[in-house]
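Observations on the model geometry
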Amino acid sequence: MNDLVVRYRLSSYDAAGNLHRIKIEGEVVAIGASYHNGFAFRVPGLLSSQIDTERLIFKINGVEQSVTPLEAARDEAIFIIANDLWDFVTPGENCKYYRTEVGCGSNIQMSFTLEIPLEANVNKADVADFPYDPFIFASADHDRNYLFGEAPGRRFEIHLKNQAPTEAFQANFLGRGDDVSNSANGEYFINANGMPWAINIPYEWAHPLEYMDIKYAYPNFHNFVTSSGALNVDWFTVEKSNTNNVFKQ
């Protein structure tokens, strides 16, 4: 649960039932493990043809980018924040990863802002609610693990629990390794115990240290997941953490 930690803020603007604009702001808080990941947002229910691309604004570290984040050749509205986040951060002296090891608490190095103006008459009711669909995907030309046999690249994605993948995903990647996704039941990106591969937390979270299983950083997380969210709903707060096992800046 620290391969990638991103803090983000979402806002939308609507009138008379029509959605006019979406704004996504964020910063990369941590990158652990050895994989190279890209990061993106899909807005379910929104089509790429409904984006006013001429007025779209995308900035990294306050600098407007010349390349559009709207992924080409997709029907869905998918916005690529970065194809490889390691292109934008450095781990620091004597550090292997970015802000996941003790003493490796460099300042935040990557922030982003995305303002998405929409064409007229986009029905707000047709578009998903927050948090939309943030996801990571494998960076091109970087091996993943033995489950793939080759570098999977953009074809491999990891989404929040029970969020279906995008049209770019290679369907037969589901169910590999510990994944027990079952598209017929609407179950995605979980293991046999219902544990998710990614989580969304409405809180400024202290992520686990490198090599630290989340259950040792947040002992109540397992009960929360296996009870389908009925128990230990505050598992992610600082008060419920093992402070020796989470990252401190």
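The following paragraphs examine the structure supplied in this document. (Residues numbered from 1 in each chain as written. Predicted model: local features only at pLDDT ≥ 70, side-chain atom pairs only at ≥ 80, totals over all residues. Heavy atoms only, no water.)

Comments concerning the overall build of the chain
For clarity, the cut-off: For helices the rule is a DSSP run of H or I covering at least 4 residues; for strands it is a run of E covering at least 2, with both sets numbered from the N terminus onward. C-alpha atoms define the radius of gyration in this analysis, and the globule rule sets the expected value at 2.2 Å times the number of residues to the power 0.38. Relative accessibility thresholds used throughout: buried, under 20% of the residue-type maximum; exposed, over 50%; partly exposed, between the two (1.4 Å probe, protein chains only). Contacts are residue-level and defined by heavy atoms, with any inter-residue pair within 4.5 Å sufficient. The protein chains shown are the only cover counted for residues, whose accessible areas, like all others here, come from Shrake-Rupley with a 1.4 Å probe. Positive charge is attributed to Lys and Arg, negative charge to Asp and Glu, and no charge count is given to His or to the chain ends. We put the charge of a Lys on NZ, of an Arg on CZ, of an Asp on CG and of a Glu on CD.
In terms of regular secondary structure, the chain is built from two helices and nine strands. Counting from the amino terminus, helix and strand elements in the chain follow one another as β-β-β-β-β-β-β-β-β-α-α. The C-alpha atoms of the chain give 18 Å as radius of gyration, which agrees with the globular expectation for 249 residues (18 Å, within 12%). With the C-alpha coordinates aligned to their principal axes, the bounding extent of the chain is approximately 50 × 45 × 40 Å. Looking at the 249 residues of the chain, the share that counts as buried comes to 47%. Taking the intrachain contacts of the chain between residues at least 6 apart in sequence as the baseline, contacts between residues at least 24 apart amount to 67%. Carbon and sulfur atoms make up 47% of the accessible area of the chain, which amounts to about 12,600 Å² in all. Put simply, the chain has 19 plus and 32 minus side-chain charges, and the middle of one group is 4 Å from the middle of the other.

Things to note about the pattern of salt bridges
Heads up, the condition is: Each salt bridge in this description consists of a side-chain nitrogen of Lys or Arg and a carboxyl oxygen of Asp or Glu lying within 4 Å of one another.
Under the criterion given, the structure shown has 13 salt bridges. Arg9 is the partner of Glu25 in a salt bridge, and the nearest nitrogen-oxygen pair spans 3.3 Å. Of this pair, Glu25 sits in strand β2 (residues 18-30) while Arg9 sits in strand β1 (residues 5-15), and the two are 16 residues apart along the sequence. The exposure class assigned to Arg9 is exposed, which follows from its relative accessible area of 54%. Two residues, Arg42 and Asp133, come together in a salt bridge whose shortest N-O distance is 2.7 Å.

Comments concerning unusual backbone geometry
For the peptide bond that leads from Phe130 to Pro131, omega is 5°, which places it in the cis range. Position of Pro131 relative to the elements: it lies in the loop between β7 (111-117) and β8 (133-138). Phi at Tyr211 is positive, roughly 70°, even though this residue is not glycine. Checked against the element boundaries, Tyr211 lands in the loop between β9 (157-158) and α1 (214-217).

Some points on the pairing of strand β4 (residues 57-60)
Our working rule: A pair of strands counts as paired when DSSP detects no fewer than two bridges linking them.
Burial of the side chains of β4 is restricted to one face: Phe58 and Ile60 are buried, whereas none of Ile57 and Lys59 on the reverse face is. For β4 and β7, the ladder comprises four bridges, and the chain directions are antiparallel. Bridge pairing in β7 links Phe58 to Leu114. The pairing of β4 with strand β5 (residues 63-64) spans two bridges and is antiparallel. Bridge pairing in β5 links Lys59 to Glu64. In textbook terms, the turn of a hairpin is the stretch between consecutive antiparallel strands, and for β4 and β5 this stretch comprises two residues, one of which, Asn61, has a positive phi near 55°.

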